[in-house]
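What the coordinates show
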Amino acid sequence: SPEAPVPLPGDGDTPRNGRRPPAPCESLPLDMLWEILLLLPPQPSSRLLASLVSRRWRGLATDPNFIRQFQARRRSWKPPLLGFFERRRKIVFNQDILHPPDRVPAERIHIPFGMASRGFEVLGCRGGRVLALHRVLRQLIVFAPITGEQRYLAVPAEFGPPSILYGAVLCAAGEQDHVHGHCHCSPFKVVLVSHRRDHQPQACVFSSETDTWSNIISTKYPCELHGDSVPATLIGNTLYWLLSCNAIFWFDLDMQSLAVIMGPPGMNESGNYRIIKPEDGADGLAIAIFLFPNLQIWQRVINSQGIATWFLRKTVEMHSTLGIPHQTRRKVWQDKVLGYDEDNDVIILYVDDSAYMLELKQMQSRKLNGTRSMKQCHPFTSFYPPGESLKRAMV
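This is a predicted model, so every value here is computed, not measured. (Residues numbered from 1 in each chain as written. Predicted model: local features only at pLDDT ≥ 70, side-chain atom pairs only at ≥ 80, totals over all residues. Heavy atoms only, no water.)

**Here's the deal with the overall build of the protein chain**
The helix and strand inventory of the protein chain stands at 7 helices and 24 strands. Looking at the protein chain as a whole, 49% of its 395 residues are labelled buried. Looking at the protein chain as shown, the accessible area adds up to about 20,300 Å², and 52% of this sits on carbon and sulfur atoms. (Helix = DSSP H or I, 4+ residues; strand = E, 2+ residues; numbered from the N terminus. Buried < 20%, exposed > 50% of the residue type's maximum accessible area, 1.4 Å probe, protein only. Areas by Shrake-Rupley, 256 points an atom, 1.4 Å probe, with all protein chains shown as cover.)

**A few points about the environment of Ile141**
For Ile141, the location among the structural elements is in strand 5 (residues 139–143). Sequence spacing of Ile141 and Gly114 is 27 residues, and the spatial spacing of their C-alpha atoms is 9.8 Å. Excluding residues within four positions of it along the chain, Ile141 makes contact with Pro112, Met115, Phe120, Val130, Leu131, Ala132, Gln150, Arg151 and Tyr152. (Contact = heavy atoms within 4.5 Å.)

**What about the packing of aromatic side chains?**
Throughout the structure, instances matching the rule amount to 11 aromatic pairs. Between Trp34 and Phe66, the aromatic rings sit 5.4 Å apart at their centres with planes inclined by 85°, giving edge-to-face as the arrangement. Remark: Phe66 occurs in helix 4 (residues 64–72) and Trp34 occurs in helix 1 (residues 30–37); sequence separation between them is 32 residues. On the basis of an interplanar angle of 45° and a centroid distance of 4.8 Å, the ring pair of Phe85 and Phe93 is categorised as tilted. For the residue pair Phe85 and Phe93, the accessibility class agrees, reading buried in each case. Chaining the aromatic ring pairs together yields one cluster made of Phe85, Phe93, Phe143 and Phe380. The residue whose ring lies beneath Lys336 is Tyr350, and the NZ or CZ to ring-centre distance is 5.4 Å. (Phe/Tyr/Trp six-rings, centres within 6.5 Å; stacked < 30°, edge-to-face > 60°. Lys NZ or Arg CZ within 6 Å of the ring centre and 35° of its normal.)

**Focus on the sheet that holds strand 23 (residues 364–367)**
Ordered in space as 20-21-22-23, the 4 strands form an open sheet in which the pairing is antiparallel. The open sheet is flanked by strand 20 (336–341) and strand 23, the only strands paired with a single partner. With direction set aside, neighbouring strand axes in the sheet form an average angle of 25°. Where strand 22 (residues 354–359) and strand 23 come together, 4 bridges link them in antiparallel fashion. Its bridge partner being in strand 23, Glu359 is matched across the sheet by Gln364. (Pairing = 2+ DSSP bridges. Axes fitted to C-alpha atoms, helices over the stretch in contact; angles between N-to-C directions.)

**Quick look at the pairing of strand 17 (residues 285–291)**
Where a strand is regular, its side chains alternate between the two sheet faces. Of all the 7 residues making up strand 17, 6 are buried; the element is thus mostly covered by neighbouring parts of the structure. The pairing of strand 16 (residues 273–276) with strand 17 spans 4 bridges and is antiparallel. Across the sheet, the residue bridging to Ile276 is Ala286, located in strand 17. Sheet analysis places strand 17 next to strand 18 (residues 294–302), joined by 7 bridges and oriented antiparallel. Bridge pairing links Leu285 to Arg300 in strand 18.

**Notes on helix 4**
Along helix 4, the residues classified as buried are Phe66, Ile67, Phe70 and Gln71. The buried residues of helix 4 occupy an angular sector of 130° when projected down its axis, which confines them to one face. Pointing more than 90 degrees away from the buried face of helix 4 are the exposed residues Pro64 and Arg68. Check the buried side of helix 4 and you find it contacts helix 1, helix 2 (46–51) and helix 3 (55–61). The N-cap of helix 4, judged by a side-chain oxygen 2.8 Å from the amide nitrogen of Asn65 a few residues on, is Asp63. (Arc of directions from axis to C-beta. Polar contact = N/O pair within 3.5 Å; in protein donor to acceptor, adjacent residues only side chain to side chain.)

**Focus: the confidence of the model for the protein chain**
When pLDDT is averaged along the protein chain, the result is 80; 80% of the residues meet or exceed 70. Least confident of the elements in the protein chain is helix 7 (residues 388–394), whose mean pLDDT is 46; most confident is strand 10 (residues 212–213), at 94. When the criterion is pLDDT under 50, residues 1–14 qualifies, and its contacts beyond four places in sequence or with other chains add up to 6 contacts. Ignoring residues within four places in sequence, the model shows residues 389–395, a span with pLDDT below 50, making 15 contacts including any to other chains. (pLDDT = per-residue confidence, 0-100.)

**Quick word on the environment of Ile67**
With respect to the element layout, Ile67 can be found in helix 4. Spatially, the C-alpha atom of Ile67 lies 9.4 Å from that of Arg47, the residues being 20 residues apart in sequence.

**Here we look at the side chain of Thr233**
Tracing the backbone shows Thr233 in strand 12 (residues 233–235). Reaching out from Thr233, the side chain makes a polar contact with the backbone oxygen of Ile275 at a distance of 2.9 Å. Contacts of Thr233, omitting those with residues within four sequence positions, involve Arg126, Thr238, Leu239, Tyr240, Ile275, Tyr340 and Glu342.

Right, here's the structure in full:
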């Protein structure tokens, strides 16, 4: 018979002194281990899981100096996607996109009591805050699900009928070292967009610092807003909304001006599209048009003469990307784009009664649970408050 392998320490035997040798990670110098733990990802569970390795690791993970240095690295991080808001019979928060260790405890997600009514709908999420609107009461609410902060605003009287309103919330912090994604205690702005009876768009900006709305800003270019609120995409210092007339509405936050530009060919034919950020941080904007089994990425560029043109950057086949077999499909009319996470460049697609989360850079996808009959979703990204998840797990 073959010779039996010699057991190694840690494989079930006990050395003569009765003690196991330390694991390799335990023998690392303290300063080296410190630098390694600083490379942990920003997910809520990262420091918690590291603290469970040993008492030594736990001591580092809970050290106040380490926590401050760990939080300082957020400047180079993107806030993690914690879930998305959707409307069923009421507004709910879905965390099925996360594995259990990274899910924020349900009792830590604060949704204002009044939003359980049928009248509220989410207009957008950004910087750890959510903007919602009650169309009948003409009331806005800005709230932070992680901290419980909430603020009610009345829609300006100048925004009369019709009741179609677009909106966006964004952080107004001006500090150079501010890290977006943990803006719960920072000032904020709300941009509200509508159109008059003559279909000319108008916008207004609320500042939490001055507690006032700005004067009405308008343009003469007529357009028509979608009946359903379409979330804005923030690229640089400009907010972009899709319109129902093969056009794009944009609002420049620096210049406090708005304009309407035409979109790429094919937008009117599908209706399944979303404004996304250009690849590799390029200037301008891009649009994803979803016509299963293809996803087209169009990009808008401006040449040296100031002339803007759209070009098809790439087309991606979705059968293999989403893992959907080549077979006869039903409910083709339900294929659509549900949402877009501008922080992590993730788009959420709906195909055959299922939602898929697609990372646009790597073109990697994952099927999501509990997403049947979804119409639209608002991805919510945020950093978890420093030390909160770790403290709760150690109680």
